[in-house]
Amino acid sequence: MTQSKDTAALAAHALECIRDDRTLFSNLDFRLEAGSALILEGRNGSGKTSLLRILCGIRLPDAGTVTWGDTAIDKLGPDYHMHMAYIGHRDGIKLDLTPLENLAMARALGMPNDITLEAALAKVDLAGYEDVLTRNLSAGQQRRLALARLLVTDTSLWILDEPFTSLDVHGISVIEELLDAHTTSGGMLAVTSHHAVNLQNTTVQRINLSA
Amino acid sequence: MNSDSLTRAFVILIRRDLMLAVRHRAEMANPILFFVLVTSLFPLGIGANPALLQAVAPGVIWVAALLAALLSIENVFRSDFEDGSLEQYLLSSHPLSVLVLAKITAHWLVTGLPLLLISPLLGILMGLPVDAIKILFITLLLGTPVLSLIGAVGVALTVGLRKGGMILSLLVLPLYVPVLIFASSAVDTAATGLPVTAHLSLIAALLLLALSLSPFATAAALRVSLS
């Protein structure tokens, strides 16, 4: 695991995405190395979410390939997914489970690391909410719980679609710290955001899909 | 990736779904209530004629079980699709087909197993002989998992559509028919005292076939629905 953190990189080769006869982007190339971040910008509907879903392997590009290391991600399947975590528009958490139960499920689906679930909750400022039904948390707290999923598995690539939705100023700075810590320890980040993403210690690469 | 963590994921996923079912008790009781109500209304509707009741009982009980299964099958992936959990299964480091099998198992434990457990009571209500009730139980034991397994493929195909309910029934019902035919004729045959090994073997074969194919078909269909 740690070995692959150093060597593998995510790369896009001539990606193209077409939706409803409109070409959202074409001939898109980039390379994301360990310790760096990719920030996607662009207007609503410019294909940011589609691009992230292509990078995850949920959606297939209309042309081009995404590679992890030297292999196309659709060939790797679970061998790619064990290195990555994705938080989409939808939180992927169950409202009728407690935060601890939600995180236990998230951990079981990936490669578990050493951090305790309680510590992961504390890192996103949810200490004390372990046994409250998620339904009773506020929207911002639910979002932070979703982001806590990143912490309970051992992954090097984080793909985040609007991670700061419904977070307050304090919540945003908490999450930015986590993202910064992830890249400085050799992780990779692909993010879309309407907010300015403030990463002090990270090489940031920006792609504007509306340009 | 070792088989240990895969088994753990399988067990945790089933346990989580059972926990969710317990927290949604009312929703869980729906198909069972439907099954019991439909079956128990028949004696009232067609009159207390024991011979007639006994003749229609296998068909009635099995049709009610099949419709109850159809009523509840959509829940197997619907809420996971809506809250984004389905994407997380797809991006798990475990094979999707195994996670899908866990989901189907949990769904059967919540909807199929209660039908199975209450069926002897309904057999008595319909005046079936004890031998036939035994066979009814065995056919439901072998048959209801088939309904869940086949239904899951249909749900996986239609979960991305906003109004998939009608298409789902049209897709799945024809595939349910063989189970219905073999199962109700097994109970019928048992009621007349003839051997039913052949019927039961056929249903068992359907179960094995569904068990070996459905998780892969469901996983593939989910990938299509989510892309």
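The structure this text deals with has already been given above.
Residues numbered from 1 in each chain as written. Chains lettered and ligands numbered in written order. Predicted model: local features only at pLDDT ≥ 70, side-chain atom pairs only at ≥ 80, totals over all residues. Heavy atoms only, no water.

A. View of empty space enclosed by the protein. For the structure shown, the criterion picks out 2 cavities of 30 Å³ or more. Each pocket or cavity is described by its volume, and for the largest cavity that value is around 300 Å³. Lining the largest cavity are 26 residues, with Ala106(A), Leu109(A), Gly110(A), Arg149(A) and Gln88(B) sitting closest to its centre. Breaking the lining of the largest cavity down by element, the ones donating at least two residues are β6 (84-87) and α5 (99-109) of chain A together with α5 (85-90) of chain B. (1 Å grid on protein atoms, 1.4 Å probe; cavity = no way out; pocket = protein on both sides within 12 Å on 5 of 7 lines; lining within 4 Å. Points joined across faces, edges and corners; volume = space filled by probe spheres on them. Helix = DSSP H or I, 4+ residues; strand = E, 2+ residues; numbered from the N terminus.)

B. Spotlight on the pairing of strand β8 (residues 188-192) of chain A. Residues and elements named next belong to chain A. The element β8 is extensively covered by neighbouring structure, given that 5 of its 5 residues are classed as buried. Burial along β8 is two-sided: the face carrying Met188, Ala190 and Thr192 and the face carrying Leu189 and Val191 are both buried. Pairing between strand β3 (residues 36-41) and β8: 4 bridges, direction parallel. Each residue of the ladder has a partner; that of isoleucine 39, found in β8, is valine 191. The pairing of strand β7 (residues 157-161) with β8 spans 5 bridges and is parallel. Bridge pairing in β8 places leucine 157 opposite methionine 188. For the segment spanning β7, helix α8 (residues 169-184) and β8, crossover handedness is right-handed. (Buried < 20%, exposed > 50% of the residue type's maximum accessible area, 1.4 Å probe, protein only. Pairing = 2+ DSSP bridges. Right-handed = clockwise from strand over helix to strand, strands pointing away.)

C. Structural view of the pattern of salt bridges. Under the criterion given, the structure shown has 15 salt bridges over all chains. When the shortest N-O distance is used, the salt bridge between Asp17(B) and Arg16(B) registers 3.1 Å. Note on accessibility: Asp17(B) and Arg16(B) belong to one class, buried. Between Glu82(B) and Arg78(B) there is a salt bridge whose closest N-O contact spans 3.7 Å. Of this pair, Glu82(B) and Arg78(B) both sit in helix α4 (residues 78-83), 4 residues apart, roughly one helical turn. Via salt bridges that share partners, Lys94(A), Arg16(B), Asp17(B), Asp80(B), Asp83(B) and Lys103(B) belong to a single interconnected network. (Salt bridge = Lys/Arg side-chain N within 4 Å of Asp/Glu carboxyl O.)

D. Highlighting the layout of surface pockets. Roughly 680 Å³ of volume is contained in the largest pocket. Lining the largest pocket are 28 residues, and of these Leu20(B), His24(B), Glu27(B), Asn75(B) and Ser79(B) sit closest to its centre. Of all the secondary-structure elements, those providing two or more residues to the lining of the largest pocket are α1 (3-23), α2 (25-46), α4 and α6 (96-125) of chain B. Residues of the lining of the largest pocket, tallied by class, amount to 9 nonpolar, 8 polar and 11 charged. Counted as a void, the second largest pocket has a volume near 380 Å³. Along the walls of the second largest pocket sit 24 residues, with Gly57(A), Ile58(A), Leu60(A), Asp74(A) and Arg223(B) positioned nearest its centre. (Nonpolar A, V, L, I, M, F, W, Y, C, P; charged D, E, K, R; others polar.)

Keep in mind that these numbers describe shape and distance, not what the molecule does.
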